[in-house]
Amino acid sequence: MQRDIFDAEHDAFRDLVRTFLEKEVVPHHAQWEKAGQVDRDIWLSAGRAGLLGTDVPEEFGGDTPDFRYNAVALEEITAAGTSGLGFPLHNDVVAPYLLRLANDEQKQRWLPGFCSGEIITAIGMTEPGTGSDLQGIATHAEKDGDDWILNGAKTFITNGILADLAPTCRSGWSTAACSCTAATAT
Ligand SMILES: Cc1cc2nc3c(=O)[nH]c(=O)nc-3n(C[C@H](O)[C@H](O)[C@H](O)COP(=O)(O)OP(=O)(O)OC[C@H]3O[C@@H](n4cnc5c(N)ncnc54)[C@H](O)[C@@H]3O)c2cc1C
């Protein structure tokens, strides 16, 4: 199929992703599948190669935001059969939550590590009793002095085993007032 949405820079990025996968991922993927998780270092390598945060503005550690780079990365990861890499979830699903719902302090704190691969993210929406209908989310966060107490259970969380940061719930029980409530691993 002839496509005209990509330009020469996207083609160059595609070559970069393809080479990265061939050299740094494919040789290890079967072992990672056996282990049930990818090596954490591959996230740092991907960050150095510019594969993470491709839709994040430069001021937060990314580059010129352009979702087409996300699409290229997803296509190449799928074509290589390297499904263990949760980069698309990180780039395509979590980044918009952080960019739209996090406050400036949270963006400064999280996004540079998000782009470098030092902060691996997940999205924890599905619960034992909640799937497609996210209005049914029961997990909630309550302020307790300087802390937040997070109550609830999650299931089927891509990157969950390695994640440092995961949007998990809405706070205040109001989608209109939804802020970015995220659990960070300690
Ligand atoms: C490999 C994998 C990775 C995943 N990663 C994540 C993740 O990173 N984070 C996360 O939060 N979740 C994740 N999930 C969970 C996934 O998002 C849920 O499985 C999905 O949202 C569907 O929810 P459910 O399985 O509870 O099915 P349900 O929501 O119970 O749906 C069951 C069936 O009913 C249909 N249905 C649902 N509601 C209606 C309706 N109102 N009207 C008509 N039909 C309806 C659905 O289409 C479906 O066919 C992952 C799942 C898999 C398999």
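See the structure shown above.
Read on for an overview of the structure. (Residues numbered from 1 in each chain as written. Predicted model: local features only at pLDDT ≥ 70, side-chain atom pairs only at ≥ 80, totals over all residues. Heavy atoms only, no water.)

Overview of the site of the ligand
- Residues in contact with the ligand, as listed here, are Ile123, Gly124, Met125, Thr126, Gly131, Ser132, Phe156, Ile157 and Thr158.
- Phe156 is positioned such that a nitrogen or oxygen atom in its backbone is 2.9 Å from a nitrogen atom of the ligand.
- One of the side-chain nitrogen or oxygen atoms of Thr158 is found 2.9 Å away from a nitrogen atom of the ligand.
- Its residues assigned to classes, the shell around the ligand shows four nonpolar, five polar and no charged. (Near = heavy atom within 4 Å. Polar contact = N/O pair within 3.5 Å; in protein donor to acceptor, adjacent residues only side chain to side chain. Nonpolar A, V, L, I, M, F, W, Y, C, P; charged D, E, K, R; others polar.)

Brief notes about helix α4 (residues 87-101)
- Spanning 15 residues, α4 covers 20 Å between terminal C-alpha atoms, matching the ideal 21 Å at 1.5 Å per step.
- At Val94, α4 shows its largest bend, some 40 degrees, and a proline, Pro96, comes one to four positions later.
- Where α4 is concerned, the buried positions are Phe87, Pro88, Leu89, His90, Asn91, Asp92, Val94, Ala95 and Leu98.
- Here the buried face of α4 lies against α1 (8-35), α2 (41-49), α3 (67-80), α5 (104-116) and β3 (165-169). (Helix = DSSP H or I, 4+ residues; strand = E, 2+ residues; numbered from the N terminus. Expected span 1.5 Å × (residues − 1). Bend = angle between axes of the 7 residues up to and from the residue. Buried < 20%, exposed > 50% of the residue type's maximum accessible area, 1.4 Å probe, protein only. Contact = heavy atoms within 4.5 Å.)

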